Every structure is written in C-alpha cells, then in structure tokens.
Amino acid sequence: MAKVKVLVEGYARKSGNIYEATCSTVLIEDAGKRIIVDPGCNEALLLSALKKEGLSPNDIDLIFLSHYHVDHILNIRLFPGKDVLDGNTIYRGDKELFFEGKIPGTNIEIIETPGHTHEHATLLVKTEKGVIAVAEDLWWWEDGKQKTDKKTLLSLKDLYAKDKKALLKSRKLILKKADFIIPGHGKMFKVEK
Ligand SMILES: [Zn+2]
C-alpha cells in the first residue's frame with residue numbers, strides 16, 4: 001500500500017499589502033518510488049519538511065504538478081534533473097513522453113479534474129486509511145476559513161476558476177471516490193459519506 005504524507009500544509013493569507021501563499025506539498029511513496037506532488041513556493045518550509053523525513057531533494061524520483069499555477073510550481077527549481085509530470089505527460093529535459101491513467105510504474109491513479117484550470121488533475125492514492133485524493137485547488141481556503149461539510153464543498157466559491165461548471169463536476173467526482181481529501185490551501189479532511 002502507498003504512503004501519503006503532507007510535507008507542507010498549504011496556506012493563503014493577506015499580510016499588509018502582500019499576499020502570502022504556498023500550496024499543500026505531499027510526499028507519496030509507492031512501488032519503491034518517492035513522488036512529490038506540487039512542490040509549492042516556500043523553499044525553507046519544504047526543505048525542512050524533507051529533512052524531517054530524512055530526505056533531500058536528490059532522494060525524490062519525480063515531481064507531479066496538479067496544474068500550472070506558480071504558487072504550486074516554483075520549487076521545481078530545487079529538484080534539477082528530475083522528471084516532472086502533469087496529468088498525461090512526463091517532461092524530461094526537452095523530451096515529452098505521453099502516458100495515460102496512472103503515474104508510470106506506480107498504482108497512483110490520475111483523474112482529470114478541470115475547472116480551477118483546464119489542465120488540473122487529481123491523484124487518488126490507495127492507503128491503509130482508505131483512498132486519499134490529492135486534490136489541490138479543487139478546494140482551497142484562506143487561513144481560518146476552511147469548512148468541509150458537503151454543502152460547503154459543493155458551493156465553495158473559487159475566484160480563480162476558469163470554468164465553474166466543470167469545477168462542480170470535478171468536485172462531485174472526487175467526493176464520490178475519496179475517503180480523505182488534501183486541498184490546495186488548508187488541512188486534509190475526511191469526506192462525509
Ligand atoms: Zn491554483
């Protein structure tokens with residue numbers, strides 16, 4: 001069974017005139033591979049979280065990106081030379097290798113979840129606790145505003161959503177499939193069944 005660990009809990013807040021945010025960064029270990037999902041943009045937090053696990057960037061096999069927003073991506077510069085994946089492509093230097101369904105060499109399922117952005121994808125990971133969805137910006141909250149009752153989860157406004165209808169459809173799909181959800185900015189929560 002795969003192991004899932006939230007290395008950095010995503011946050012989003014205003015601090016004077018400045019907005020401060022980084023996303024949830026997740027370590028998945030499955031089939032002998034170590035995968036970082038959305039490395040975020042807070043270098044110090046990520047490096048110290050890896051260190052706590054006894055890891056350095058070089059111990060990571062690949063980086064998965066849920067979507068192309070910079071607060072989710074900037075830290076790929078800490079992992080030079082590593083494969084970077086989105087929902088259907090491995091980027092290896094100037095090579096693009098296409099795949100479907102699962103992260104190659106693992107049991108981690110990739111579900112297309114457009115809405116927040118067109119290319120947004122969610123990972124479903126089978127663990128001993130149940131199915132954990134690394135759903136990133138399907139749901140995100142500013143600090144202190146998170147609410148996870150079903151009504152809120154289906155009606156939560158996303159100021160950045162590119163396609164609200166698609167977002168709702170993606171949210172419904174993941175709520176059906178997941179026991180736990182890791183949001184882009186906020187705490188992991190259990191899905192009410
Ligand atoms: Zn985003």
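Keep in mind that what you see is a predicted model, and the values were worked out from it rather than measured. (Residues numbered from 1 in each chain as written. Predicted model: local features only at pLDDT ≥ 70, side-chain atom pairs only at ≥ 80, totals over all residues. Heavy atoms only, no water.)

Engineer: Mind showing me how you'd approach helix α1 (residues 43–52) here?
Structural biologist: One turn of an α-helix holds 3.6 residues; hence residues three or four places apart share an orientation. Of the residues making up α1, those classed as buried are Leu-46, Ala-49 and Leu-50. In an axial view of α1, the angular spread of the buried residues amounts to 100°, which keeps them on one side of the axis. Opposite its buried face, α1 presents the exposed residues Ala-44, Lys-51 and Lys-52, each directed more than 90 degrees away. Next to the buried residues of α1 lie β1 (3–8), β4 (25–30) and β5 (33–37). (Buried < 20%, exposed > 50% of the residue type's maximum accessible area, 1.4 Å probe, protein only. Helix = DSSP H or I, 4+ residues; strand = E, 2+ residues; numbered from the N terminus. Arc of directions from axis to C-beta. Contact = heavy atoms within 4.5 Å.)

Engineer: I would appreciate a short explanation of the pairing of strand β12 (residues 130–140) in the present structure.
Structural biologist: Taken residue by residue, a regular strand's side chains alternate between the two faces of the sheet. When you tally the buried positions in β12, you get 11 out of 11 residues, the bulk of the element. Pairing analysis gives five bridges linking strand β11 (residues 121–127) to β12, with the strands arranged antiparallel. Pairing of Leu-124 across the sheet is with Ala-133, part of β12. In this antiparallel pair of consecutive strands, β11 and β12, the connection spans two residues. Note that β12 and strand β13 (residues 180–185) share five bridges and pair parallel. Across the sheet, Trp-140 pairs through a bridge with His-185, a residue of β13. (Pairing = 2+ DSSP bridges.)

Engineer: Please explain the state of the cysteines as it appears in this structure.
Structural biologist: What is meant by a disulfide is a covalent connection between two cysteines, made through their sulfur atoms. All told, the structure shown has zero disulfides when counted by the stated rule. Of all cysteine sulfurs, the one in Cys-23 lies closest to Cys-41, which takes part in no disulfide; the gap is 6.8 Å. (Disulfide = S-S within 2.5 Å.)

Engineer: Honestly, a positive patch on the surface in this entry has me stumped. Any pointers?
Structural biologist: Together, Lys-129, Lys-150, Lys-190 and Lys-193 make up a positively charged patch on the protein surface. By the element assignment, Lys-190 lies in strand β14 (residues 189–190). Look at Lys-190 and you get exposed, because its relative accessible area is 58%. (Patch = residues over 30% accessible without salt bridge, like charges linked within 9 Å, V, L, I, M, F, W, Y side chains within 5 Å. Areas by Shrake-Rupley, 256 points an atom, 1.4 Å probe, with all protein chains shown as cover. Salt bridge = Lys/Arg side-chain N within 4 Å of Asp/Glu carboxyl O. Lys, Arg positive; Asp, Glu negative; His and termini not counted. Charge placed at Lys NZ, Arg CZ, Asp CG, Glu CD.)

Engineer: I keep staring at the sheet that holds β14 and nothing clicks. Help me out?
Structural biologist: Strand pairing within a sheet occurs via backbone hydrogen bonds; the two strands may be parallel or antiparallel. The five strands are arranged β10-β11-β12-β13-β14 in an open sheet whose pairing can be described as mixed. Edge positions in the sheet fall to β10 (109–112) and β14, since each has one partner strand and no second.

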